[in-house]
Each structure stands twice: as C-alpha cells, then as structure tokens.
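Results of the structural survey
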Amino acid sequence: IGEIVIKGPKKIESAAVRGKLASKVGDSVDRVTIRKDVEQLFATGFFNDVRVEQLDKNGKAVLVYTVVEKPSIASISYEGNDELSDDDISEVAELKAFEILDMSRLRVASEKIEKLYEDKGFFLARVKVRVEDDSESDNVRVIFDIVENDKVMVKSIRFLGNRQLHSGNLQGAMETKEGGFFSAIFGGGAYKQDAFDRDVQRLNFLYFNEGFVQVKIDRPQVYVTPDKKGIYITIRVEEGDRFNIGSVDFAGDML
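Note that the coordinates shown come from a computational prediction; the quantities given were computed from them, not determined experimentally.

The description of two packed helices rests on the angle between their axes and on the distance between the axes. Axis separation between helix H3 (residues 86–93) and helix H4 (residues 103–119) bottoms out at 8 Å; the angle between their running directions is 130°. In terms of their interaxial angle, H3 and H4 are classed as oblique. Crossing handedness for the pair H3 and H4: right-handed. Each of Asp88, Ile89, Val92 and Ala93 in H3 lies in contact with H4, whose residues at this interface are Ala109, Lys112, Ile113, Leu116 and Tyr117.

This is the structure we're talking about:
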C-alpha cells in the first residue's frame, strides 16, 4: 500500500476515519483486512455507506475509502401531546439536536415515550416517528406523532387476606380510586402507575399505625382488559398479629 485516501466525510475529520482502519501504508494489500476496515467504519454508526477502491500508482496500491455520512438531526419536535409537556417527553426520549441520526435510537425513544404515557394511565397512547429532510441543510428533522387516546379506568380494586381492616378503609387511604359514573367529569378513576406505587406505601403505613408491624403486602396483580380501557387490581395482604404497647422504659445516663 503506497497511499490511503479518504473521501466523502464532511462532519467527521478524515484523520478520525483513518484512525479506524487496520490497513496502513507500507502493509501488503489484504482483502480480509480491508473487509474488517469496512465493518469497523460501519460499526461507528456514522455512515450509511462505505466503499473501497484500489488504484495503482507507481507500482504501489492506492486504497480509496469513500464514505457517505448519516445526516445529523436538525430539530426534534413532538405533535399531538396535550397531556404531557415537550420537556417531560424530551427527558425520557434522550435525544438531542445535532446528533447523528440513528434509527435504532429513534425506535427506542418511541418505546420510552409510550412507556411514559402508560405510567400516566394512557395505555392506548401510540407514538410514531417521522424523519424529514431539512430544506435549509443536509440534515433531517425528527417529528414524533403522538396519539394519546383516553386514559384507562380502574374498574375494581379488590383486597384478599384483610381480616382486621375493612376493604373500604384500605381503599380510602389510596390515591387510586375505582372509576364511577362521574369519573369522566371530575377526572377520577384513572390509573396512574406513579400514584399506584405510592398507594402501596400508604397501605403499609396505615397498617403500621394500627399496630400490624409485621404486615406483608404482596406486589399487586394488575389485569388490563383486552381493549385496554379498563383495569382490575387485586392486592393480597398478610396482616400478621396486632401489637399493643407493653411497657415504656428508659435506659442510659439520665439526669
């Protein structure tokens, strides 16, 4: 190899491309090594295409590596999100403008956004991503199209194993409520994962205050109806014995 030429890079320095190559000036031309060079360049995630051409010059080989860079993201926008702010969605999407376009990361971002909506009670939310050419540059614009749909409603909350505390008392301590006739008007009955997680702590605290210091509350079982419009929650409780205060003693160096 008499010379190695890098063609095509605009955003990435030619020296950085050259640094990824196993082929070096002075080495013998090796097709296996050249194939590894191509694989290594693709593995960086920066290029859509890599081509290698061999030319002859003064009895030595000239290897020409021609790369086609992936575009950068000029802007990221979210459309259709009425319930959640752009900032909330952007935080979980973990994408930034001027990054190299990576379709796999866009798919992961879409899944994370749908998971965020699911945690907020929107089990029917759907997210699609569009990539459009930016007319002012060689880069692209990324648009997330969001269809929020309705929240899933809590149809029933059932407790199993609670013999000392009535189910009504337990439900009264929870932020998550069963949906009723007026739920759509007053906003009640919607399932929110973060609120439900706090409810489990509330139930433990309620039992502790009633003297059940050994209470065990299993991970709640959540069943979502096939149409994903209703949810049924079952919470298993092992109350244990109820304890009263026996005696109060003080120990140590007391004045």
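This paragraph deals with the sheet that holds strand S6 (residues 140–147). Reading across the sheet, the three strands line up as S4-S6-S5 and stay open at both edges, with mixed pairing between neighbours. Each end of this open sheet is capped by a strand with a single partner; those strands are strand S4 (73–79) and strand S5 (126–133). Averaged over all adjacent pairs, the angle separating strand axes in this sheet is 15°, with direction ignored. Here S5 runs beside S6; their pairing, made up of eight bridges, is antiparallel. Considered in S6, the bridge of Val129 is made with Phe144. Here H4 sits on the sheet and contacts S4, S5 and S6; the angle it forms with S5, its principal contact strand, is near 145°.

Let us now look at the layout of surface pockets. Of the volumes computed, that of the largest pocket is approximately 260 Å³. Looking at the largest pocket, it is lined by 13 residues, and the ones nearest its centre are Tyr191, Gln193, Phe196, Asp197 and Arg219. Of all the elements in the fold, those that place two or more residues in the lining of the largest pocket are H4, helix H7 (193–209) and strand S9 (221–224). Ranked by residues supplied to the lining of the largest pocket, first place goes to H7 with four residues. Approximately 180 Å³ is the volume attributed to the second largest pocket. Considering only residue class, the lining of the second largest pocket consists of three nonpolar, two polar and five charged.

The next subject is the packing of aromatic side chains. This model, assessed by the stated rule, comprises five aromatic pairs. Each ring, one from Tyr78 and one from Phe144, has its centre 5.5 Å from the other, and the planes form 20°; the classification is stacked. Taken as a pair, Tyr78 in strand S4 and Phe144 in strand S6 lie far apart in primary sequence, 66 residues in all. Measuring from centroid to centroid gives 5.8 Å for Tyr117 and Phe122, while their planes differ by 85°, and the two rings are edge-to-face. Accessibility expressed as a relative area gives 6% for Phe122, which makes it buried.

Before going further, it helps to examine the pattern of salt bridges. This model, assessed by the stated rule, comprises 14 salt bridges. In this structure, Arg51 and Asp49 form a salt bridge, with 2.9 Å as the shortest nitrogen-oxygen distance. Judged by its relative accessible area of 44%, Arg51 falls in the partly exposed class. Residue class for Asp49 comes out partly exposed when judged on its relative accessible area of 27%. Between Arg202 and Glu175 there is a salt bridge, with the nearest N and O atoms lying 3.5 Å from each other.

In this section: the side chain of Lys70. Note that Lys70 resides in the loop between strand S3 (60–69) and S4. No salt bridge forms around the buried Lys70; measuring N to O, its nearest opposite-charge neighbour Asp102 is 5.0 Å away. Among the polar contacts made by the side chain of Lys70, one reaches the main-chain carbonyl oxygen of Gly45 at a distance of 3.4 Å. With near-sequence residues (within four places) excluded, Lys70 lies in contact with Lys11, Gly45, Phe46, Phe47, Asn48, Ile100 and Leu101.

Cut-offs applied
Residues numbered from 1 in each chain as written. Predicted model: local features only at pLDDT ≥ 70, side-chain atom pairs only at ≥ 80, totals over all residues. Heavy atoms only, no water. Axes fitted to C-alpha atoms, helices over the stretch in contact; angles between N-to-C directions. Helix = DSSP H or I, 4+ residues; strand = E, 2+ residues; numbered from the N terminus. Parallel < 35°, antiparallel > 145°, perpendicular 65-115°, else oblique. Left-handed = near helix turned anticlockwise from the far one by under 90°. Contact = heavy atoms within 4.5 Å. Pairing = 2+ DSSP bridges. 1 Å grid on protein atoms, 1.4 Å probe; cavity = no way out; pocket = protein on both sides within 12 Å on 5 of 7 lines; lining within 4 Å. Points joined across faces, edges and corners; volume = space filled by probe spheres on them. Nonpolar A, V, L, I, M, F, W, Y, C, P; charged D, E, K, R; others polar. Phe/Tyr/Trp six-rings, centres within 6.5 Å; stacked < 30°, edge-to-face > 60°. Buried < 20%, exposed > 50% of the residue type's maximum accessible area, 1.4 Å probe, protein only. Salt bridge = Lys/Arg side-chain N within 4 Å of Asp/Glu carboxyl O. Lys, Arg positive; Asp, Glu negative; His and termini not counted. Polar contact = N/O pair within 3.5 Å; in protein donor to acceptor, adjacent residues only side chain to side chain.

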